[in-house]
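Structure at a glance
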Amino acid sequence: MNAVSGRESLRRRGPALDVAVVGGGMVGAAAALALARAGFATALLEAREPSPWSAEQEVDLRVVGLAPSSIALLDGLGVWAAIRDARSGPYAHMHVWDAENGASIHFDAADEGRDLLGYIVENSLVQWHLWTALDAAGVKRLCPAEVRAFEAQDDRVQLELADGQTLAARLLVAADGAGSPLRKLAGIGTRGRDYGQRAVVAHVRTERPHQGTAWQRFLPDGPLALLPLADGRSSIVWSLPDEEARRVLALDDAAFMAELGVASDFRLGRIVGTTPRAAFPLKLQLATTYQAERFVLLGDAAHAVHPLAGQGVNLGLRDVAELRETLVAARDAGRDIAAAHVLRRYARSRCSADTMDALGFDALARIYGWRSMPLVTARGLGVRLVEHLSPLKRHLASHAAGL
Ligand SMILES: Cc1cc2nc3c(=O)[nH]c(=O)nc-3n(C[C@H](O)[C@H](O)[C@H](O)COP(=O)(O)OP(=O)(O)OC[C@H]3O[C@@H](n4cnc5c(N)ncnc54)[C@H](O)[C@@H]3O)c2cc1C
């Protein structure tokens, strides 16, 4: 075989890797595991090795509320039982109320015929269990690894890493977070807005138990959520204007707990203990498309949303499920998994679903930002109406669950 026909046969065979996933956060690690389990030769490239999770360490300040659709995906990947048993806060109720007009809405898992609405879990716990399952699934792990450049060619995308290594795969999947360097390299823009807010997070001990309930109070400056942790404490996500968040972060513990007690309307009594605090800037950011040549976006790289609905990673894990389904269908039909028309199915479906949800959360943020009295009263009437219209309320609950 001469050199030219050797290259030809290599080209026909294509690259050894089907998919290169960049970013090993919860979404990228779940994508790599899901695609490998579905039979695709997969690599995961991550810039920073995650620290091992241990039950001995303090609960990670970053927690998420996992909806039933996310739990089903993680269960199918064989990692959910270990995550749940390690440290997770189940909740069966959600209570949301308005500081300005007193209107409230209550969701109960039993009304949906389920035992639970979801679980509060640490980001690092989920990421760690996914990360440690990768080897057994045959995922080629490259860490630390950063992509410096990539180029789509006939049957592959060629990646150049910061350390000079090169790698080829049929498809490049960017799950590299809201700042996504790959999205920028692909020339994909974003739209959205900066909320001018930060989410202050901490774990707090309250005088009264959390009752397996996710509590959220809408205040004029932004929502305050108290999410039930496994150890009886509540994890707070307190969205505040930037300046106010900076002030609250700088308070001493006693002053912080006193202010938080007032902000929470003492729903769980006084705040009697707190961890150190951290804050995260909030923005709405939607990629203008989820697709380029042999390239797709998923997770926060595609969409960053306000945490008021607790849905960011849940949307990302729905992206994973849809991408897996799309690629499996293409392979089973004998198609190139990264052909533009194949990726379009994933990109259109998830982009429109994520956009609808993101704009819905944004509308809620705007509506709860209303300050004029007639609008505040109208908002209260709307919420009371939903509370009493069971079909609409059930629709909202099952949508949030991803059902
Ligand atoms: C305060 C707060 C509360 C939230 N609460 C909830 C909630 O209750 N429920 C919910 O569903 N969501 C919630 N979210 C959102 C959720 O945390 C995010 O949607 C989720 O963490 C995004 O995961 P990801 O894997 O897409 O991105 P990330 O977690 O950002 O992971 C990206 C990964 O890519 C890696 N990376 C970046 N660049 C490169 C590169 N060039 N090369 C290689 N690797 C790279 C990073 O190291 C990182 O590991 C909340 C967010 C905030 C801020």
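Structure first, text after, so check above.
Residues numbered from 1 in each chain as written. Predicted model: local features only at pLDDT ≥ 70, side-chain atom pairs only at ≥ 80, totals over all residues. Heavy atoms only, no water.

In this section: the overall build of the protein. Regarding its fold elements, the protein presents twelve helices and 20 strands. Taken over the C-alpha trace, the protein has a radius of gyration of 22 Å; the compact-globule value for 403 residues is 22 Å, and the two agree within 12%. With respect to the principal axes defined by its C-alpha atoms, the protein has extents near 80 × 45 × 40 Å. Within the protein, buried positions represent 53% of all 403 residues. Total accessible area computed for the protein in this model is approximately 17500 Å², and 54% of it derives from carbon and sulfur atoms. The average position of the 45 basic charges and that of the 46 acidic charges among the side chains of the protein differ by 4 Å. (Helix = DSSP H or I, 4+ residues; strand = E, 2+ residues; numbered from the N terminus. Rg over C-alpha atoms; globule rule 2.2 N^0.38 Å. Buried < 20%, exposed > 50% of the residue type's maximum accessible area, 1.4 Å probe, protein only. Areas by Shrake-Rupley, 256 points an atom, 1.4 Å probe, with all protein chains shown as cover. Lys, Arg positive; Asp, Glu negative; His and termini not counted. Charge placed at Lys NZ, Arg CZ, Asp CG, Glu CD.)

Lining the immediate environment of the ligand, one finds 32 residues, of which Glu46, Gly65, Asp300, Gly310 and Val313 sit closest. Gly65 is positioned with one of its backbone polar atoms (N or O) 2.9 Å from an oxygen atom of the ligand. Between the ligand and the protein, one listed contact pairs an oxygen atom with a backbone N or O atom of Val313 at 2.8 Å. Across the complex, the protein chains shield 86% of the 1000 Å² of accessible surface that the ligand would expose by itself. Looking at the shell around the ligand, the elements with two or more residues in it are helix 2 (26-37), strand 3 (63-66), strand 12 (190-206) and helix 9 (312-332). Among the residues making up the shell around the ligand, the classes are represented as 16 nonpolar, ten polar and six charged. (Near = heavy atom within 4 Å. Polar contact = N/O pair within 3.5 Å; in protein donor to acceptor, adjacent residues only side chain to side chain. Nonpolar A, V, L, I, M, F, W, Y, C, P; charged D, E, K, R; others polar.)

On to the nonpolar core, then. Ranked by size, the top nonpolar core spans 78 residues in total, and within it Val19, Leu45, Leu66, Leu130, Leu159, Leu298 and Leu327 carry the most contacts. Of all the elements, helix 2 adds the most residues to this core, at ten residues. Among the nonpolar cores identified, the runner-up in size contains 32 residues, and Ala103, Ala214, Ala358 and Phe361 belong to it. (Core = buried A, V, L, I, M, F, W, Y, C linked by side-chain atoms within 4.5 Å.)

Here the focus is the sheet that holds strand 7 (residues 118-122). In space, the three strands of this open sheet follow the order 3-7-4, with antiparallel pairing throughout. A single partner strand is all that each edge strand has here, and the edge strands are strand 3 and strand 4 (89-91). Within the sheet, the average angular offset between the axes of one strand and its neighbour, ignoring direction, is 25°. Examined bridge by bridge, strand 3 and strand 7 share four bridges and lie antiparallel to one another. In the sheet register, Val63 faces strand 7, and the bridge partner there is Glu122. In this fold helix 5 (residues 123-133) packs onto strand 3 and strand 7, with an angle of close to 85° to the strand it touches most, strand 7. (Pairing = 2+ DSSP bridges. Axes fitted to C-alpha atoms, helices over the stretch in contact; angles between N-to-C directions. Contact = heavy atoms within 4.5 Å.)

We now examine the packing of helix 2 against helix 5. Where helix 2 contacts helix 5, the two axes come as close as 9 Å, and the packing angle between them is 30°. Between helix 2 and helix 5, the interaxial angle falls into the category roughly parallel. Where helix 2 crosses over helix 5, the handedness of that crossing is left-handed. Residue-level contacts link Met26, Ala29, Ala30, Leu33 and Arg37 of helix 2 to Asn123, Val126, Gln127, Leu130 and Ala133 of helix 5. Among the residues forming the contact of helix 2 with helix 5, the class breakdown is seven nonpolar, two polar and one charged. (Parallel < 35°, antiparallel > 145°, perpendicular 65-115°, else oblique. Left-handed = near helix turned anticlockwise from the far one by under 90°.)

Judged from the ten bridges that link them, strand 12 and strand 17 (residues 278-287) form a sheet pairing that is antiparallel. The residue bridging Arg193 from the neighbouring strand is Leu284, located in strand 17. Here strand 12 pairs with strand 15 (residues 234-241) via eight bridges, running antiparallel. Within strand 15, the residue paired with His203 across the bridge is Ser235. The pairing of strand 12 with strand 16 (residues 271-274) spans three bridges and is antiparallel. Bridge pairing in strand 16 links Val204 to Thr274.

Locating Lys140 in the fold gives a position in strand 8 (residues 140-142). With 95 residues separating them in the primary sequence, Lys140 and Leu45 have C-alpha atoms 8.5 Å apart.

Our next topic: the side chain of Gln216. The residue Gln216 is located in strand 13 (residues 213-219) in this model. A polar side-chain atom of Gln216 sits 2.8 Å from the main-chain carbonyl oxygen of Leu308. Not counting residues within four places of it along the chain, the set of residues in contact with Gln216 comprises His95, Val96, Trp97, Pro223, Leu224, Ala225 and Leu308.

To continue, consider the environment of Leu227. Tracing the sequence through the fold places Leu227 in strand 14 (residues 222-228). Given a relative accessible area of 16%, Leu227 falls into the buried group. In this structure, the C-alpha to C-alpha distance between Leu227 and Tyr119, residues 108 residues apart in sequence, is 9.4 Å. Setting aside its immediate chain neighbours within four residues, Leu227 contacts Ile120, Ala214, Arg233, Ser234, Ser235 and Val237.

Now for the packing of aromatic side chains. Evaluation of the coordinates by the stated rule reveals five aromatic pairs. Both rings, one in Trp238 and one in Phe256, keep their centres 6.3 Å apart while their planes meet at 45°; by these two values the pair is tilted. Taken as a pair, Trp238 in strand 15 and Phe256 in helix 8 (residues 253-263) lie far apart in primary sequence, 18 residues in all. A single burial state applies to Trp238 and to Phe256, both of which are buried. When the centroid spacing of 6.5 Å and the interplanar angle of 40° are considered together, the rings of Tyr290 and Tyr346 count as tilted. Of this pair, Tyr290 sits in the loop between strand 17 and strand 18 (291-292) while Tyr346 sits in helix 10 (residues 340-367), and the two are 56 residues apart along the sequence. Since its relative accessible area comes to 1%, Tyr290 is described here as buried. Owing to a relative accessible area of 0%, Tyr346 belongs among the buried residues under this scheme. Seen from the ring of Trp97, Arg267 lies directly overhead, with NZ or CZ sitting 4.1 Å from the centre. (Phe/Tyr/Trp six-rings, centres within 6.5 Å; stacked < 30°, edge-to-face > 60°. Lys NZ or Arg CZ within 6 Å of the ring centre and 35° of its normal.)

Purely geometric stuff here, so don't read any function into it on its own.
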